[in-house]
Amino acid sequence: MSSFAPSSVPTPRPGVLDIAAYVPGRHAAPGAAKIYKLSSNETPLGPSPLVKAAMARVAERLEIYPDGSAHRLREAIGEAYGLDPARIACGNGSDDLLTLLAQIYLREGDEGIVSEHGFLLYPIAIRAAGATPVVVPETNLTVDVDAMLAAVTERTRIVYLANPNNPTGTYLPFSEVRRLHAGLPSHVLLVLDGAYAEYVRREDYEAGIALVEGAENVVMTRTFSKIYGLAGLRIGWAYGPEAVIDAIERTRGPFNVNALAIEAGAAAMGDKAHVERAQAHNEKWLGWLTQEIEALGLRVTPSVANFLLIHFPTEGEQTAKAADDFLFNRGFILRGVAAYGLPNALRLTVGSEEANRGVIAALIEFMRGRNV
C-alpha cells in the first residue's frame, strides 16, 4: 500500500478550513415527556392542506426527473406577486440562492458586507467564495445604514441585508433600504433576504420588490420554509434583474428543486387563506409572549417576525445558558445565539398556544429560582 505525503492529498484552497461551520439548533430533548421545538422559527400551523394533495399526485411518478426550470413554481410565484416569471429563479431553499450569489459575484480579494448580528450564512458564503466578510456594527440591534455605507471600499462587491433580521427580529423601513441602495456604487449587488417578510405588519415595510423593479444591482430572496410551513422540502426563490437571474440559471444545479417541492410550493402559493391564518396567529401570540416575558423582568427586542430575542442577565444564576438548560430539560427547545455575538440571549419561536403558554410557565418557574 502506497503512502501519501501531506502535500499529495486533496487540500482545500486557503480559507476554507477557516470557515466556522453553521451549527443548526437542537432537535431533541431526551427525557422530556413532550418536545416543543421553538428554535428554528417554523410555523406551528404547518403547511396548507392543499400541499399534501399536491405531493400525493407527484408521489406516483417519482421515477421522473423534475422540470429543470421549475416552470410551474415560478409561474405560481409570478401570479401571486404580479412578477415576470422570467425574472424569478428557484433554489434548494433561499440558502442555495444566497450562496450562489456569492459564488457568482465574488472573487479572491473582494469584500462582502454583512451586519453585526446578521444571518450566519452570509459570512460563510462570502468566505467560501474566497472573499472577505466585512462585519458592520448595528445600532440597537438594528442594521445601521450609515455604518454600512461607511464600510464600502473599492473591494466591495456584495451587501447582504436580512430584513427583517434574524436573530434580532428588527427591520429597516423601506425608506432606509432605498437610502442604502442609493449610496452603493452601481457595481455592488444589494441582496435583500426577505425570509420573514410575510410576517411583517408595518406600513413602512417593503420586502424589496419595488426596489428590484427599478434597479440593475438589487436582488430579493424569499423562502417557503417559514410562513408556508415547507422547511423540510427546502424551497427558495429570488427575484432580480434579468442579468442576475441569468447568472443564477447558468450556475445552479440542473435539478436544484425537486418534483415534490415544485408542486408543494405552487400549491402553497395558491392558498392565501392559510397564510392569513398564520399571520393572525403570529400577530396574536407575538404580542402576548412579549408582554408575558417582559413582566418577568426580562428585556425583549421588539420583533416584527415570528420569533423573539430574549435578553438575560450577564451574571448570577439566571443567565441565558442556565435558562436554556432549564427549558431544555422540560422539553422546550430554544435557540442559543452566542454564535451571533449575543451570548446572553435566547431566540424563541412563536409556537402553538400550548407551546407558548407552556414555555412562559417554565420561564416563570425558572425566574422564581425553582430547581435551577
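Model, not experiment: these values are computed from the prediction. (Residues numbered from 1 in each chain as written. Predicted model: local features only at pLDDT ≥ 70, side-chain atom pairs only at ≥ 80, totals over all residues. Heavy atoms only, no water.)

Caption draft 1: Representation of the overall build of the protein chain in the model. When helices and strands are tallied, the protein chain shows 12 helices and 13 strands. When the backbone C-alpha atoms are referred to their principal axes, the protein chain occupies close to 65 × 60 × 50 Å. Looking at the protein chain as a whole, 53% of its 372 residues are labelled buried. In the protein chain, the share of contacts with a sequence separation of at least 24, taken over all contacts with a separation of at least 6, comes to 75%. If you sum the accessible surface of the protein chain, you get close to 16,900 Å²; carbon and sulfur atoms cover 52% of it. The positive charge centre, built from 34 side chains, and the negative charge centre, built from 42, are 4 Å apart in the protein chain. (Helix = DSSP H or I, 4+ residues; strand = E, 2+ residues; numbered from the N terminus. Buried < 20%, exposed > 50% of the residue type's maximum accessible area, 1.4 Å probe, protein only. Contact = heavy atoms within 4.5 Å. Areas by Shrake-Rupley, 256 points an atom, 1.4 Å probe, with all protein chains shown as cover. Lys, Arg positive; Asp, Glu negative; His and termini not counted. Charge placed at Lys NZ, Arg CZ, Asp CG, Glu CD.)

Caption draft 2: How the structure looks around helix H1 (residues 49-58). For H1, the set of buried residues is Val51, Ala54 and Val58. Down the axis of H1, the buried set is contained in an arc of 65 degrees. They therefore lie on one face. The exposed set on the far side of H1, more than 90 degrees from its buried face, consists of Pro49 and Lys52. Looking at the buried positions of H1, the neighbouring elements they touch are helix H9 (259-269). (Arc of directions from axis to C-beta.)

Caption draft 3: Just unusual backbone geometry, in detail. A cis amide bond links Asn163 to the next residue, Pro164, at an omega of 5 degrees. Inspection of the secondary structure puts Pro164 in the loop between strand E5 (156-162) and helix H6 (174-183). At the junction of Asn166 and Pro167, the peptide bond is cis and its omega measures out at 20 degrees in the coordinates. Relative to the elements of secondary structure, Pro167 occurs in the loop between E5 and H6. Phi is positive for Ala70, close to 50 degrees, though the residue is something other than glycine.

Caption draft 4: Seen up close, the environment of Ala21. Within the secondary structure, Ala21 is located in the segment before strand E1 (36-37). Taking the C-alpha atoms as reference points, Ala21 and Leu121, separated by 100 residues in sequence, lie 9.1 Å from one another.

Caption draft 5: Layout of helix H12 (residues 353-367). For H12, spanning 15 residues, the distance from its first C-alpha to its last is 21 Å, which sits close to the expected 21 Å at 1.5 Å a residue. Where H12 is concerned, the buried positions are Ala355, Asn356, Gly358, Val359, Ile360, Ala362, Leu363, Phe366 and Met367. Two residues or fewer past H12, Gly369 is found with a positive phi of approximately 85 degrees. (Expected span 1.5 Å × (residues − 1).)

Caption draft 6: Representation of the UniProt feature "modified residue: N6-(pyridoxal phosphate)lysine" (unreviewed entry) in the protein chain in the model. With numbering matched to this structure, UniProt assigns "modified residue: N6-(pyridoxal phosphate)lysine" (unreviewed entry) to Lys226. Relative to the elements of secondary structure, Lys226 occurs in the loop between strand E7 (218-223) and strand E8 (236-239). What Lys226 contacts, discounting residues up to four positions off in sequence, is Ser40, Asn41, Thr43, Ala195, Tyr196 and Tyr199. Among the polar contacts made by the side chain of Lys226, one reaches the main-chain carbonyl oxygen of Ser40 at a distance of 3.2 Å. (UniProt positions renumbered as here; feature names shortened; annotations may be inferred. Polar contact = N/O pair within 3.5 Å; in protein donor to acceptor, adjacent residues only side chain to side chain.)

Caption draft 7: A look at the sheet that holds strand E9 (residues 299-301). Here we have four strands laid out as an open sheet, ordered E9-E10-E13-E12, and antiparallel in their pairing. Both edges of this open sheet fall to E9 and strand E12 (335-336), since each of them pairs with a single strand only. Of the strand pairs in this sheet, E12 and strand E13 (residues 345-349) are connected by two bridges, and their pairing is antiparallel. Opposite Gly336, over in E13, you have Leu346 as the bridge partner. Relative to strand E10 (residues 307-311), helix H10 (residues 272-294) is tilted by about 10 degrees, and along the sheet it contacts E9, E10 and E13. (Pairing = 2+ DSSP bridges. Axes fitted to C-alpha atoms, helices over the stretch in contact; angles between N-to-C directions.)

Caption draft 8: Spatial organisation of the sheet that holds E7. Spatially, the seven strands line up as an open sheet ordered E2-E8-E7-E6-E5-E3-E4, and their pairing is mixed. The open sheet is flanked by strand E2 (88-91) and strand E4 (132-136), the only strands paired with a single partner. Strand-to-strand twist of the sheet, defined as the mean angle between neighbouring strand axes without regard to direction, takes the value 20 degrees. Examined bridge by bridge, E5 and strand E6 (residues 189-193) share five bridges and lie parallel to one another. Paired with Tyr160 across the strands is Val191, a residue of E6. Along the sheet, helix H3 (residues 94-105) contacts E2, E5, E6, E7 and E8; its crossing angle with E5, the most-contacted strand, is approximately 165 degrees. Along the sheet face, H6 touches E5, E6 and E7 and points at about 160 degrees away from the line of E6.

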